[in-house]
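Single-letter residue listing:
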There are 2 protein chains.
Amino acid sequence: MDASTLQLIIPIAGVVAVLFAMYLARDVLARDTGTQAMQDVAGTIFEGAVAFIRRQYTTIAILAVVGAVGVGILIAAFETKDVADTDVFGTELGIRTGIAFLVGAVCSMASGIIGMFISVRSNVRTAAAARRSLVEAVQVAMRGGAVSGFLVVSLSLLGVYGMFVAFGGLNPETVRQAPFLIVGYGFGASFVALFAQLGGGIYTKAADVGSDLVGKVEKGIPEDDPRNAGVVADLVGDNVGDCAGRGADLFESTAAENIGAMILGVGAFVIAQAAGWPNPSAWIFFPLVVRAFGLLATIVAIFFVRGSETENPMNMLNRGYWVTTLLSVVGLGITTYVMMNTNGAIGDFLKLPTWMYFFAAGIVGLATSVAFVYITQFYTAGSYRPVREIAEASKTGPATNIISGTAVGFETTFVTAITIGVALFASHWLGGQAGLVSADGRNVGGIFGTAVATMGMLMTTAYILAMDTFGPITDNAGGIAEFSRAEKGAREITDRLDAVGNTTKALTKGYAIASASLAAFLLFSAYIDKVNLILARQGKPLMESVNLANVDVFIAALIAAMLVYFFSSLAIRAVGTTAQSIIVEVRRQFREMPGIMDYSQRPDYARVVDITTKAALRQMVAPGLVAVATPVIVGLLLGYEAVAGMLMVGTIAGVMLATVLNNGGGAWDNAKKYIESGHLKDADGNVLGKGSDAHAAAVVGDTVGDPFKDTAGPSLHVLVKLLATITLVLAPLFIR
Amino acid sequence: MDASTLQLIIPIAGVVAVLFAMYLARDVLARDTGTQAMQDVAGTIFEGAVAFIRRQYTTIAILAVVGAVGVGILIAAFETKDVADTDVFGTELGIRTGIAFLVGAVCSMASGIIGMFISVRSNVRTAAAARRSLVEAVQVAMRGGAVSGFLVVSLSLLGVYGMFVAFGGLNPETVRQAPFLIVGYGFGASFVALFAQLGGGIYTKAADVGSDLVGKVEKGIPEDDPRNAGVVADLVGDNVGDCAGRGADLFESTAAENIGAMILGVGAFVIAQAAGWPNPSAWIFFPLVVRAFGLLATIVAIFFVRGSETENPMNMLNRGYWVTTLLSVVGLGITTYVMMNTNGAIGDFLKLPTWMYFFAAGIVGLATSVAFVYITQFYTAGSYRPVREIAEASKTGPATNIISGTAVGFETTFVTAITIGVALFASHWLGGQAGLVSADGRNVGGIFGTAVATMGMLMTTAYILAMDTFGPITDNAGGIAEFSRAEKGAREITDRLDAVGNTTKALTKGYAIASASLAAFLLFSAYIDKVNLILARQGKPLMESVNLANVDVFIAALIAAMLVYFFSSLAIRAVGTTAQSIIVEVRRQFREMPGIMDYSQRPDYARVVDITTKAALRQMVAPGLVAVATPVIVGLLLGYEAVAGMLMVGTIAGVMLATVLNNGGGAWDNAKKYIESGHLKDADGNVLGKGSDAHAAAVVGDTVGDPFKDTAGPSLHVLVKLLATITLVLAPLFIR
């Protein structure tokens, strides 16, 4: 097959995935919605979610329009300075960048909104299915989650492809500059992701902490009790944080990292063209084709999520994951073989054809994603040493629980950094052996190898995201079952699914971190390419290195390392502030509506949802602005080389802190569950379960971990990628 | 005055400071030792401290000998490779480096041991003085602390000067290479500091947490109650952590940063020699002269620590601090004026004489140290917003206390990073304007400016260290007063001093962090100078930049950012493990010696001290080895440029994490004290004091903060500086 024929798979797979998502949505929506009581509470959750979505996305849309116009004007103003009149820049580039930004923002919002709508309708259907069958419940939740997964990845793919085609990507004359023209798309996606993740993350944990503190602690009623006015906000929160937030996060990953890989593909394109290899532009299209194969692999895999009623649901999900991974290997093989046609040119090590080195690099990426799935399980699942250690430490009270959890969180950076380091080293080395050397002796294979590894890793994104959204759907299903006082059998099934959902949510965060760090190096290289393009046009000397021995670079690096802490501080504090408004309102309802406690009065759930929504949106502004403004200020004050240092060190620092917060939080959560499941015993062999002092200590750790793992940690992923897209787009501003 | 005459102040001030320390020691030791009960408990503390010192320093001495021999052999083996036979290297350099390492290690150990001896004898005299007068108690504690301060700084100064002279520093022919020959001294000091701080930090917090958990939590007896077998270990711990640990930390700072500044002085020396300026070697001696003036300023300042009985003791200490600072400015002016004689050559900005730019850079350093003193006070003292915020959050339980404290800890990185960034930028800019340009157009003034700023900052080290050791002395005095059931008046005074001591301990940590970060840039530059010296000798191309876009450098940077978390995780876990052995022993004594509770039996304090000592020393090995081995492994695998990246990013990441741990821990501690002082009120205006739920929540935060601020945080300072000295010494190994 010829590379240009294979390229057709991009729009085809994109459209097929959208159609498949629609099929799944129809399949889920056609299912039984359970008892009247279930439908009632599900309806309330649905209303709350819609209210949040409406308000949040209105705010984000306004911010996005302001962002698009601002970015367009800045680019138009700065790119006209000292510039010869070739290619696209000045006002035209400003307009194109603004449009790309807006399209990226709209696609991201669309996939978030639609995914959320399906998610908050799948929850009750999962609860209803749980009354009949475990397998059916798993399938409903997974299919509902897959709607999000497919929409996020296919809209990202179609958007990037569409912008690319619109900006001259099919024309051999202009294909070289097209990737640089669409970076605004990635920035738009990052911008939406930042606010979606921050707003959702603040909402979900504020609702959780706020309603628990009044309900469980002050009034002594159980979690998810219908008398607690905050309980619906809590259930809505699961969706807006895990579903909409993580969806936007991975939408951004797939968009920004695709564009970065395409920019690096330009280097390979130049070499392929000079060497007379067939179809040189295939090197630029390559990332999109790989992504398309990943979508097709996931479609097949969805049908493998099945099993027996007695099987552990995690095994069913893992089966689908392995099908996705293996089919991705096949897709990767086809793509590298067809698209990296070098007319018989061979590489250095073992003298193999060029494509084989990149195939191997892609497998390194896939293997990294598998490794992270298991690493995260080790650190956050109850059966292994770290969680047991925290549970044991809970025996001597909350202080030792927190100290132990912190030590575990810190420890997880070790295997994370080593795995990423090995993956980077291996993929860079493999690429460097492939023989992609330019006429002036520049070997671009190494960096392209890391890009291929990143693309390989991202092939499974749709499946991972489906598993992630499985989390809030089953969490909600459990809440609905509890709330509607469903049969014991159904509640047992939803409890099992909920535990699995906790694991899949943790996995996705590990995956998002790994992809962000692998991608960092490729986006960083794309930034250098872009800066050099501008410098060359302005007749200035190129940036040969990002020199840490330069004091400006060092200061920028210092500020970057600070930024990740400061941003997290703002995010964590935002949860506390928002929770306070919920506490005040829930207390007020208990006081002014005395009938709530004996079920004679229905609490005003909607009002709490409304207050939480408003407060969360208000609170997301400060960290959001800090994230956007810091790189711009540093760039304007210290210049483009310093920004490169900030980008790199910010990524490293952000990835490490996110690892600590996500895994620490996950381990605390599961240490509490470990105790609740009766695994912890005292010196005499008595079980220390729910109600024991050890359990109370573990609850403290769980509460502390909540804003770490669901607000600050995931927001840091987005921050790291935003640093990359913002600097990529605004590079012209930093060149004086 | 001529520069070579002024140089004589180095040995003179060093010796004078040693004599003054002896005078202070005699003065303190001659004082009243209080009641028999006081002397009894003080004697027990003294015995415990001696036992710890003996065992710890025996271990460290063995490790140091192994280290010295290992370093010597490695240098001898690697430096003989591909090397022409000029200057000093090969076996001779190996031997010299080994000797320098050993001398550095011995001086550091000596100052630690002697300082500790005085400190554990000042405590009872402070308690005795408190029976008569607040002012006298302040003076006894401050003078006892000053013995440590003077010994640390003067032994460091005399050691560096002695090695420098011994290795040809007075000979104009060899003065250029002498600074490079003494880097082993700094490495030896770092090596001792690492284990002294780790061992001391683990001991002090394990004893604190362990004895509290059995005594306060399980048995319900007060803190520092004589019936608790762990209480003496706790009091011993205050000395070994804060006094010996921080002393070794700042010994290392003054030694390593002096040597780094002298290496950078070589660049200025070359320019001065070529330009025919008088006395070019003054540029190399400059850092030592500045340090000597700092010692003299501190001697004067000690006599200004006085005041009235009703005055806040913190004001008395601050008075001395300001005297030190102002006299340091004068000393700095004299030194720059006399030693930077450029024969009328002037700088760029405002066309001033060269010395004025460096004088200004030195003032930037002094101002930075003042700024950190106040920043730390804001974040950790009870009267400001951060601590109040944590106290307020304690009302809703331990979880919100921890979340709030974490947010505060994270927040403190902001002002820290900005202050350091501004100081670096300003001193680099000032230096760059000074006109220190080499024949080939290299401006070495900028980096020398940052070196002068670091030297300026370190001028007040002796005073800061005296204030730091004031902390454990007054803490012990309080414990002795409590333990010996002293009069109420005396206990009120020791309580006030104890609170002041908490603040001064926190200040020292802020100061240590700031000096580590300012110094990072200068040590980094010294590393580059040294690597280029070797590369030039081997006829290889020089290292022009440390390129973050190089994948090896990126991986090393990632590992560096990981290292600071992983190291902290090991340190924090070590506290938990050691505390467990204490808990077991104290429980055993309560069980097997039933007479303890009714005072009819005396607990076996010495046994707990012994067990804690052994456990702490065993636990310090793992983090210590990780710290030493990681840079060596990275250097051998990824090369000298990657090591530079590791050094830089490791410093940034370490400084930020240490800031979080130190300030977060300090704020938690003081939030508890804020509540104990009755400042927290509920909605109805009732005081929530000791015994309230809010207080219990604050105690959790305080316990969590203990290993953060007294074990992991301070150990990170040492780690950061160890990275610098280890890479500086072992650079030849990383060049292939």
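It should be emphasised that the depicted structure is a prediction, and the values quoted were computed from it without experimental measurement.

*Asks:* Help me understand the overall build of chain A in this model?
*Replies:* Of the regular secondary structure elements, chain A holds 21 helices and zero strands. Against the globule reference of 27 Å for 736 residues, chain A gives a C-alpha radius of gyration of 25 Å, in line with a compact fold. With the principal axes as the frame, chain A shows a C-alpha extent of 80 × 50 × 50 Å. Counting all 736 residues of chain A, 69% fall into the buried class. Excluding contacts between residues fewer than 6 apart, the proportion of contacts in chain A whose partners are at least 24 apart in sequence is 83%.

*Asks:* What is the right way to read the state of the cysteines from this model?
*Replies:* In protein chemistry, a disulfide is the covalent bond that joins the sulfur atoms of two cysteines. Following the criterion strictly, the structure yields zero disulfides over all chains and no others. A:Cys243 takes part in no disulfide bond, and the closest cysteine sulfur to it belongs to A:Cys107, at a distance of 17 Å.

*Asks:* What's the story with the interface of chain B and chain A in this structure? I'm lost.
*Replies:* Listed by partner, the interface residues are 62 residues for chain B and 62 residues for chain A. Between chain B and chain A, roughly 5600 Å² of surface is buried when both sides are summed, and carbon and sulfur atoms account for 83% of that area. Ranking the residues of chain B by area buried against chain A places B:Phe410, B:Phe554 and B:Tyr565 at the top, with a combined share of 13%. Applying the counting criterion to the chain B and chain A interface returns four salt bridges. Between B:Arg573 and A:Glu389 there is a salt bridge, with its nearest N and O atoms 2.9 Å apart. Where chain B packs against chain A, one counts twelve residue pairs in polar contact (both at pLDDT 80 or more). Only α12 (385-393), α13 (398-432), α16 (488-537), α17 (551-592), α20 (640-676) and α21 (693-730) of chain B provide two or more residues apiece to the side of chain B that touches chain A. Broken down by element, the residue count for the side of chain B that touches chain A peaks at 19 residues, all from α13(B). Of the residues that constitute the side of chain B that touches chain A, the class distribution is 43 nonpolar, 13 polar and six charged.

*Asks:* So what exactly am I meant to see when it comes to the relation of the copies chain B and chain A here?
*Replies:* The pair of chain copies shares a relation made of a rotation about an axis and a shift along it. Take chain B, turn it by 180°, move it 0.0 Å along the axis, and it overlays chain A with an RMSD of 0.0 Å. In the structure described here, the two chain copies are related by an operation that fits a two-fold rotation axis. Across chain B, the rotation axis passes nearest the C-alpha of B:Asn547, at a separation of 2.5 Å. Taken together, the interface assignments show that 100% of the residues at the interface of chain B recur at the interface of chain A, consistent with an identical surface on both copies.

*Asks:* In this structure, what is going on with the pattern of salt bridges? I would like to understand it.
*Replies:* Oppositely charged side chains are able to pair whenever their charged atoms sit close together. Applying the stated criterion across every chain yields a total of 68 salt bridges over all chains. Residue B:Glu411 pairs with B:Arg385 through a salt bridge whose shortest N-O separation is 2.8 Å. Within this pair, whereas B:Glu411 is found in helix α13, its partner B:Arg385 is found in helix α12, the two being separated by 26 residues in sequence. Taking the relative accessible area as the measure of exposure, B:Arg385 reaches 31% and is therefore partly exposed. By sharing partners, the salt bridges in this structure join A:Lys205, A:Asp208, A:Lys509, A:Asp669, A:Lys673, A:Asp706, A:Lys709 and A:Asp710 into a single network.

*Asks:* Can you help me understand the packing of aromatic side chains in this one?
*Replies:* Two aromatic rings, taken as a pair, are described by how far apart their centres are and by the angle between their planes. Residues and elements named next belong to chain B. The final tally for this structure, using the stated rule, is 58 aromatic pairs over all chains. A centroid spacing of 6.4 Å and a plane angle of 40° characterise the contact between Tyr321 and Tyr463, whose relative ring orientation is tilted. Placement of the pair is Tyr321 in helix α10 (residues 313-339) and Tyr463 in helix α15 (residues 461-483), with a sequence separation of 142 residues. In this structure Tyr463 comes out as buried when scored by relative accessible area, which is 0%. With a centroid separation of 5.0 Å and 80° between ring planes, the pair formed by Phe378 and Tyr379 is classed as edge-to-face. Owing to a relative accessible area of 29%, Phe378 belongs among the partly exposed residues under this scheme.

*Asks:* Can you help me understand helix α7 (residues 183-219) of chain B in this one?
*Replies:* For the α-helix, the turn length of 3.6 residues means that residues three or four positions removed from each other point alike. All names here are of chain B. With 37 residues, α7 ought to run about 54 Å at 1.5 Å a step, and its terminal C-alpha atoms sit 52 Å apart, in line with that. Largest kink in α7: about 35°, centred on Asp212. Counting buried positions over the 37 residues of α7 gives 33, a clear majority of the element. Immediately downstream of α7, the backbone of Gly220 shows phi near 70°, a positive value.

*Asks:* I would appreciate a short explanation of the environment of B:Val444 in the present structure.
*Replies:* With respect to the helices, strands and loops of the structure, B:Val444 is situated in the loop between α13 and α14 (445-458). Ignoring sequence-local partners within four residues, the contact set of B:Val444 consists of B:Gly267, B:Ala268, B:Ile271 and B:Leu436.

*Asks:* Just to check I follow, could you spell out the environment of B:Glu389 for this structure?
*Replies:* Summarising the element assignment, B:Glu389 is placed in helix α12. Assessed through its relative accessible area of 22%, B:Glu389 is described here as partly exposed. Sequence separation between B:Glu389 and B:Ile418 is 29 residues, and the spatial gap between their C-alpha atoms is 23 Å. In this structure B:Glu389 touches A:Arg573, B:Ser404 and B:Val408, once residues within four positions along its chain are discounted.

*Asks:* Mind showing me how you'd approach the packing of helix α9 (residues 282-302) of chain A against helix α14 (residues 445-458) of chain A here?
*Replies:* In helix packing, the relevant descriptors are the interaxial angle and the interaxial distance, both defined with respect to the helix axes. Residues and elements named next belong to chain A. For the pair α9 and α14, the least separation of the axes is 8 Å and the interaxial angle reads 20°. Taken together, the axes of α9 and α14 are roughly parallel relative to one another. The two elements α9 and α14 meet at a crossing, and its hand is right-handed. Here Trp283, Phe286, Pro287, Val290 and Arg291 of α9 come into contact with α14, specifically with Phe448, Val452, Met455 and Leu458.

*Asks:* Any chance you could explain a nonpolar patch on the surface here in plain terms?
*Replies:* Residues and elements named next belong to chain A. Together, Tyr23, Val300, Phe303, Phe304 and Leu327 give the surface a local cluster of nonpolar side chains, amounting to about 410 Å² of exposed area. With respect to the element layout, Phe304 can be found in the loop between α9 and α10 (313-339). Exposure remark for Phe304: the relative accessible area of 39% places this residue in the partly exposed category.

*Asks:* Mind showing me how you'd approach the side chain of A:Thr460 here?
*Replies:* Residue and element names in this part refer to chain A. Relative to the helices and strands, Thr460 resides in the loop between α14 and α15 (461-483). Within polar-contact distance, the side chain of Thr460 engages the side chain of Tyr511 at 3.4 Å. Beyond its immediate stretch of four places on either side in the chain, Thr460 contacts Tyr321, Thr324, Thr325, Ser328, Leu366, Ser369 and Tyr511.

*Asks:* What should I look at first to understand the side chain of B:Ser369 in this one?
*Replies:* Tracing the backbone shows B:Ser369 in helix α11 (residues 354-380). Given a relative accessible area of 1%, B:Ser369 falls into the buried group.

*Asks:* Would you mind showing me how to read helix α4 (residues 90-129) of chain A here?
*Replies:* Residues and elements named next belong to chain A. Its 40 residues give α4 an end-to-end C-alpha distance of 58 Å, which sits within 8% of 58 Å, the value for a rise of 1.5 Å per residue. Taking the largest bend as the criterion, α4 deviates by roughly 25°, centred on Ser122. Among the 40 residues in α4, 28 count as buried, and that is most of the element.

*Asks:* Looking at this model, I keep getting lost on the packing of α13(B) against α21(B). Mind explaining?
*Replies:* Residue and element names in this part refer to chain B. Relative to each other, α13 and α21 sit at 45°, their axes nearing to 8 Å. Taken as axis vectors, α13 and α21 run oblique relative to one another. Where α13 crosses over α21, the handedness of that crossing is right-handed. For the pair α13 and α21, the contacting residues are Pro398, Asn401 and Ile402 in the first and Ala697, Ala698, Val700, Gly701 and Val704 in the second. For the contact of α13 with α21, the class distribution of residues is six nonpolar, two polar and no charged.

*Asks:* Got a minute to help me understand the nonpolar core in this structure?
*Replies:* Grouped burial of nonpolar side chains is what soluble globular proteins tend to show. Counting 574 residues, the largest nonpolar core has A:Phe150, A:Tyr527, B:Phe150 and B:Tyr527 as the members making the most contacts within it. Filtering out sequence-adjacent residues up to four positions away, A:Phe150 remains in contact with A:Ala17, A:Phe20, A:Ala21, A:Leu24, A:Leu155, A:Leu295, A:Thr298, A:Ile299, A:Ile302 and A:Ala462.

The rules behind these values
Going along each chain's sequence as written, the residues are numbered from 1 onward. Ligands are numbered from 1 and chains lettered from A, in the order in which they are written. pLDDT decides what is reported in this predicted model: residues at 70 or higher carry local features, side-chain atom pairs at 80 or more are listed and counted, and totals for whole chains, interfaces and linings draw on all residues regardless. To get the side-chain values, take all heavy atoms of the structure and skip hydrogens and water. Counting from the N terminus, the helices are DSSP H or I runs at least four residues long and the strands are E runs at least two residues long. Radius of gyration here is computed from C-alpha atoms only, and the compact-globule reference equals 2.2 Å multiplied by the residue count raised to the power 0.38. Note on exposure labels: buried denotes an accessible area under 20% of the residue type's maximum, exposed denotes more than 50%, and partly exposed covers the range between, all computed with a 1.4 Å probe on protein chains only. Whether two residues are in contact is decided by their heavy atoms: any pair within 4.5 Å suffices. By convention in this document, the label disulfide applies to cysteine sulfur atom pairs within 2.5 Å. The term buried area denotes the loss of accessible surface (1.4 Å probe radius) that occurs when two parts are joined, taken as the sum for both partners. A pair is scored as a salt bridge if a Lys or Arg side-chain nitrogen falls within 4 Å of a carboxyl oxygen belonging to Asp or Glu. Polar contact criterion, stated in full: a pair of N or O atoms within 3.5 Å, where within protein one must be able to donate a hydrogen and the other to accept it, and residues adjacent in sequence count only if both atoms are side-chain atoms. We call Asp, Glu, Lys and Arg charged. Ala, Val, Leu, Ile, Met, Phe, Trp, Tyr, Cys and Pro are nonpolar, and the rest, Gly among them, are polar. All copies are superposed by least squares; the fitting set is the C-alpha atoms of residues with a pLDDT of at least 70 in both. To pair, rings of Phe, Tyr and Trp, with the six-membered ring standing in for Trp, must have centres within 6.5 Å; the planes then decide the type, stacked if under 30 degrees apart, edge-to-face if over 60, and tilted in the middle. Given a helix with a known number of residues, its expected span is that number minus one, times 1.5 Å. Throughout, bend refers to the angle between the axes fitted to the seven residues that end at a position and the seven residues that start at it. Convention adopted: a line fitted to C-alpha atoms gives each axis, helices being fitted over their contacting stretch, and angles between N-to-C directions are expressed from 0 to 180 degrees. Orientation categories follow fixed angle ranges, with anything under 35 degrees roughly parallel, anything over 145 roughly antiparallel, 65 to 115 roughly perpendicular, and all other angles oblique. Crossings are assigned a handedness: left-handed for a near helix turned anticlockwise from the far helix by less than a right angle, right-handed for a clockwise turn. Excluding any residue in a salt bridge, patches collect residues exceeding 30% relative accessible area, merging like charges within 9 Å and nonpolar Val, Leu, Ile, Met, Phe, Trp and Tyr side chains within 5 Å. Throughout, the Shrake-Rupley method with a 1.4 Å probe supplies accessible areas, and for residues the shown protein chains are the sole cover considered. For this analysis, a nonpolar core means a set of buried residues of the types Ala, Val, Leu, Ile, Met, Phe, Trp, Tyr and Cys, connected via side-chain atoms within 4.5 Å.

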